[in-house]
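# Observations on chain architecture
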Amino acid sequence: MADSSVNNVQQLDLPLRIDLPAVKKLLRAHRANARTEALAAELTEAVRAAARPKAIYRQAHVDCAGNGTVEIDGIRFSSRALSKNLAGRDTVFPYIATVGHEVDKIDIPRRDMWRQYCFDVIKTVVLVTSLDFLTEHLKEKYAIESVATMNPGEIADFPIEQQRPLFALFGGAERQIGVTLTKGGAMHPTKSRSGIFFPNDTGFVTCRLCTQQRCPGRSAAYDPEVVRGYLGTPV
Ligand code: SF4
């Protein structure tokens, strides 16, 4: 049962959009041939029929932020970058989004590694487009021009352990969308994402602080000057 004290959790069924050209583009980087294209099309149809992406989010109040900590609705987070981003702000939007467990009922033979990989890529595309939809939904609903997000586990300054306080903001409501958290902070289904959206008038992008060089989702280059501004020293 969800904690009844968390009474403003909103649940959203996310429209299923699979950009087949985006899937093919990601796969082509690994293997370009007609068989891969046919497999991508076949799996895309299967995922389209099965997947039920969804999200929960809520409006939350920043009690205080500074010196590397943030308190949101009485729950404490530790992150220098988050604390800098939320200093002087009033409202943020914690969220948990998932492609849903339904899609994992599609039977993919364990030994067919290439099929497993294609399936994984398609689910990633579903998750990314679902997050885009959630972002636009929040911007429109709350009349926010631009938002940024920080996600536990993406950078060392906001580690995976920060999933605990983030989930605490939902008081168990994540079970409504079938998401669970392991002791180590991993989410199930694995194609899930959690984080905190906040109004972004500074052009903040976490990628500028992130050292994961080969990330296909990178949207901005690592920038040691930005790192210095947020964390004091380059990582
Ligand atoms: S580079 Fe990738 S992992 Fe790092 S913050 Fe950007 S999207 Fe996230």
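Residues numbered from 1 in each chain as written. Predicted model: local features only at pLDDT ≥ 70, side-chain atom pairs only at ≥ 80, totals over all residues.

## Digging into the overall build of the protein
Heads up, the condition is: Secondary structure elements are defined from DSSP: runs of H or I of at least 4 residues count as helices, runs of E of at least 2 residues count as strands, and each element is numbered from the N terminus. The reference for a compact globule is 2.2 Å times residues^0.38; the radius of gyration itself is calculated from the C-alpha atoms. Between the buried cut of 20 or more and the exposed cut of 12 or fewer other C-beta atoms within 10 Å of a residue's own C-beta lies the partly exposed class, and all C-beta atoms are placed from the backbone. Think of it this way: build a C-beta for each residue from its backbone, and any pair within 7 Å is a contact.
Helix and strand counts for the protein stand at six helices and 10 strands. Relative to a compact globule of 235 residues, whose C-alpha radius of gyration would be 18 Å, the protein shows 18 Å and is just as compact. Its C-alpha atoms give the protein principal-axis dimensions of roughly 55 × 45 × 35 Å. Counting only residues that meet the buried cut, the protein has 34% of its 235 residues in that class. In the protein, of all internal contacts separated by at least 6 residues, the share reaching a separation of at least 24 is 73%.

## A short note on the nonpolar core
As a reminder, the rule being used: By convention in this section, buried Ala, Val, Leu, Ile, Met, Phe, Trp, Tyr and Cys residues joined through C-beta atoms within 7 Å make up a nonpolar core. Where each domain begins and ends follows an automated or database-derived domain assignment.
In terms of nonpolar packing, the biggest core is built from 54 residues, with Ala55, Ile56, Val92, Tyr95, Ile96 and Ile122 touching the most fellow members. In terms of residues, this core owes the most to one element, helix 4 (residues 113-141), which gives 10 residues. Inspection of this core shows a minimum of three residues originating in each of domain 1 (10-204) and domain 2 (205-235).

## Re the packing of helix 1 (residues 20-28) against helix 4
As a reminder of what qualifies: In this analysis, axes come from line fits to C-alpha atoms, helices being fitted only over the stretch in contact, and the angle between any two N-to-C directions falls in the range 0 to 180 degrees. Angle categories are assigned with fixed cut-offs, so that under 35 degrees is roughly parallel, over 145 is roughly antiparallel, 65 to 115 is roughly perpendicular, and the rest are oblique. Helix crossings fall into two classes, left-handed where the near helix is turned counterclockwise from the far one by less than a right angle and right-handed where it is turned clockwise. Following the grouping adopted for this structure description, the nonpolar residues are Ala, Val, Leu, Ile, Met, Phe, Trp, Tyr, Cys and Pro, the charged ones are Asp, Glu, Lys and Arg, and the polar ones are all others, Gly among them.
The geometry of helix 1 relative to helix 4 is characterised by a closest axis approach of 10 Å and an angle of 135 degrees between their N-to-C directions. With respect to their mutual orientation, helix 1 and helix 4 come out oblique. Both helix 1 and helix 4 take part in a crossing whose hand is right-handed. Note on element contacts: helix 4 touches helix 1 through Cys118, Val121, Ile122 and Val125, opposite Ala22, Val23, Leu26 and Leu27. Of the residues in the contact of helix 1 with helix 4, the class split is eight nonpolar, no polar and no charged.

## Regarding the pairing of strand 6 (residues 91-98)
Stated precisely, the cut-off is as follows: Note: two strands are recorded as paired if DSSP finds a minimum of 2 bridges between them.
Counting buried positions over the eight residues of strand 6 gives seven, a clear majority of the element. With four bridges joining them, strand 2 (residues 54-57) and strand 6 adopt antiparallel strand pairing. Note that in strand 6 the partner of Ala55 across the bridge is Ala97. Both strand 3 (residues 60-66) and strand 6 contribute to a ladder of two bridges, which runs antiparallel. Following the sheet pairing, His61 is matched in strand 6 by Thr91. In this structure, strand 6 lies alongside strand 10 (residues 192-199), joined through six bridges in antiparallel fashion.

## Details of the site of the ligand
Where we set the bar: All residues are tested the same way: a C-beta atom is placed from the backbone, and lying within 6 Å of a molecule or strand makes the residue near it.
Taken together, the neighbourhood of the ligand is formed by Glu154, Thr206, Cys207, Cys210, Gln212, Cys215, Gly217 and Arg218. Per-class residue counts for the shell around the ligand are three nonpolar, three polar and two charged.

## Some remarks on unusual backbone geometry
A cis amide bond links His188 with the next residue in sequence, Pro189, at an omega value of -5 degrees. Its identity as a non-glycine residue notwithstanding, Asn67 has a phi of 55 degrees, on the positive side. Tracing the backbone shows Asn67 in the loop between strand 3 and strand 4 (69-72). Phi is positive for Ala143, which is not a glycine, with a value near 50 degrees. Note on placement: Ala143 falls in the loop between helix 4 and strand 7 (147-150).

## Here's the deal with the domain arrangement of the protein
Size of an interface, as often reported, equals the accessible area lost when the parts are brought together. Taken domain by domain, the protein comprises domain 1 (10-204) and domain 2 (205-235). For domain 1 versus domain 2, the distance between C-alpha centres works out to 19 Å. Listed as interface residues are 11 residues of domain 1 and, on the opposing side, eight residues of domain 2. Contributions of two or more residues to the side of domain 1 that touches domain 2 are made by helix 3 (80-86) and strand 7. If one sorts the elements of the side of domain 1 that touches domain 2 by residue count, helix 3 sits on top with three residues.

## What to know about the environment of Phe204
Here Phe204 shows up in the loop between strand 10 and helix 6 (224-231). A sequence separation of 194 residues divides Phe204 from Gln10, and the C-alpha atoms of the two residues are 26 Å apart.

## With respect to the packing of helix 2 (residues 34-50) against helix 4
With their axes 10 Å apart at the nearest point, helix 2 and helix 4 run at an angle of 55 degrees to one another. When the axes of helix 2 and helix 4 are compared, the pair comes out oblique. Helix 2 and helix 4 meet at a crossing whose hand is right-handed. Seen from helix 2, the contacting residues are Leu39, Ala40, Leu43, Thr44 and Val47; seen from helix 4, they are Arg115, Cys118, Phe119, Ile122, Lys123 and Val126.

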